[in-house]
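# A look at the structure
One-letter residues, chain by chain:
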Amino acid sequence: MDCFKEDVVVSRNNLLGNILYVLCWMFLVVFGLYGLLMLQVLIVSFNVGTVLMTLLSVGAAVLLFFVKDNFKVEFEYAFTNGSLDFAKVMHGAKRKELGSMNVANVSACGHVAHDSFRKFLAMKDVKRRNWFLNRDGNLFYFYYVKENQKNMIVIEPSEEMVEMIRRYVPAGVYQG
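Not measured: the values here are computed from a predicted model. (Residues numbered from 1 in each chain as written. Predicted model: local features only at pLDDT ≥ 70, side-chain atom pairs only at ≥ 80, totals over all residues. Heavy atoms only, no water.)

Side-chain pairs of opposite charge can arise whenever the charged atoms involved come near each other. Counted under the stated rule, the structure contains nine salt bridges. For lysine 5, the salt bridge goes to aspartate 7, with nearest N and O atoms at 3.4 Å. Per residue, the accessibility class of lysine 5 equals that of aspartate 7, and both read buried. Notably, a salt bridge pairs glutamate 76 with arginine 95, separated by 2.4 Å at the nearest N-O pair. Taken together, the residues span a long stretch of sequence, with glutamate 76 in strand β2 (residues 73-80) and arginine 95 in strand β4 (residues 94-102) at a distance of 19 residues. On the accessibility criterion, arginine 95 (46% relative accessible area) is partly exposed. (Salt bridge = Lys/Arg side-chain N within 4 Å of Asp/Glu carboxyl O. Buried < 20%, exposed > 50% of the residue type's maximum accessible area, 1.4 Å probe, protein only. Helix = DSSP H or I, 4+ residues; strand = E, 2+ residues; numbered from the N terminus.)

With that settled, consider the sheet that holds strand β1 (residues 4-9). Reading across from one edge, β1-β2-β3-β4 is the order of the four strands in this open sheet, with antiparallel pairing throughout. In the strand order of this sheet, the two ends are held by β1 and β4, each with one partner. Sheet twist, expressed as the mean angle between neighbouring strand axes with direction ignored, is 15°. Relative to the sheet, helix α4 (residues 159-168) contacts β1, β2 and β3 (83-90), its axis offset from that of β1 by approximately 135°. (Pairing = 2+ DSSP bridges. Axes fitted to C-alpha atoms, helices over the stretch in contact; angles between N-to-C directions. Contact = heavy atoms within 4.5 Å.)

Ranked by internal contacts, the top residues of the largest apolar core, which has 36 residues, are Tyr77, Leu84, Tyr141, Phe142, Ile155 and Ile165. Counting residues per element, the ones that place at least two in this core are β2, β3, β5 (108-111), α3 (115-121), β6 (126-131), β7 (140-146), β8 (149-155) and α4. The element best represented in this core is β7, accounting for five residues. Apart from residues no more than four positions distant in its own chain, leucine 84 is found in contact with Tyr77, Ala78, Phe79, Gly99, Ser100, Met101, Val103, Phe142, Ile155, Met161 and Ile165. (Core = buried A, V, L, I, M, F, W, Y, C linked by side-chain atoms within 4.5 Å.)

Before going further, it helps to spend a moment on the pairing of β8. Within β8, five of the seven residues are buried, which leaves the element mostly enclosed by the surrounding structure. By the bridge criterion, six bridges tie β6 to β8 in an arrangement that is parallel. Within the sheet, the bridge partner assigned to arginine 129 lies in β8 and is isoleucine 153. Bridging between β7 and β8 involves seven bridges; their strand directions are antiparallel. Along β8, the bridge assignment pairs phenylalanine 140 with isoleucine 155. As consecutive antiparallel partners, β7 and β8 are separated by two residues, and within that stretch glutamate 147 has a phi angle of approximately 55°, a positive value.

To continue, consider the side chain of asparagine 134. By the secondary structure assignment, asparagine 134 is in the loop between β6 and β7. According to the relative accessible area criterion, asparagine 134 is buried, its value standing at 5%. Side chain to side chain, asparagine 134 and glutamate 156 meet in a polar contact 3.0 Å long. If sequence neighbours within four positions are ignored, asparagine 134 has contacts with Val9, Val10, Ser11, Arg12, Leu139 and Glu156. (Polar contact = N/O pair within 3.5 Å; in protein donor to acceptor, adjacent residues only side chain to side chain.)

Functional significance is not addressed by these values, which are geometric in nature.
Quick look at the structure:
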């Protein structure tokens with residue numbers, strides 16, 4: 001029988017993200033319209049200042065178009081028979097695969113509140129990936145070494161997923 005669990009983590013307090021998302025859309029429209037108006041001015045009187053202002057306003061609108069979805073983010077974790085997959089979902093539409101790992105290959109794992117987390121965090125040259133949204137959530141870490149690079153992943157799984165993970169990690173790896 002397969003052991004499968006999927007968790008989707010959403011921000012519990014995303015007021016700032018929602019405000020920034022709306023502001024991005026507002027400035028995107030303003031810069032886009034200003035760029036179109038500057039194109040009309042550019043047709044009538046061609047000079048370097050007008051070209052520069054047109055490029056800056058259109059560039060700002062394009063940049064805001066690509067940045068706006070980063071304010072509405074969810075993380076998705078899928079655990080299947082010892083394999084854990086991570087994904088970042090932006091605005092409910094764009095999905096970016098962050099990685100996959102076999103939990104049997106980790107050197108240590110446990111809750112962030114445990115003392116072992118601070119020990120691994122204090123190590124030199126640890127590449128840390130924070131794939132969580134709520135700092136006050138049930139944060140869980142994985143520490144592993146891959147290709148002589150020390151890595152740490154911090155996620156926010158449900159207690160049910162933590163119990164599944166504990167069944168698949170080798171003895172002595174789970175730090176509490």
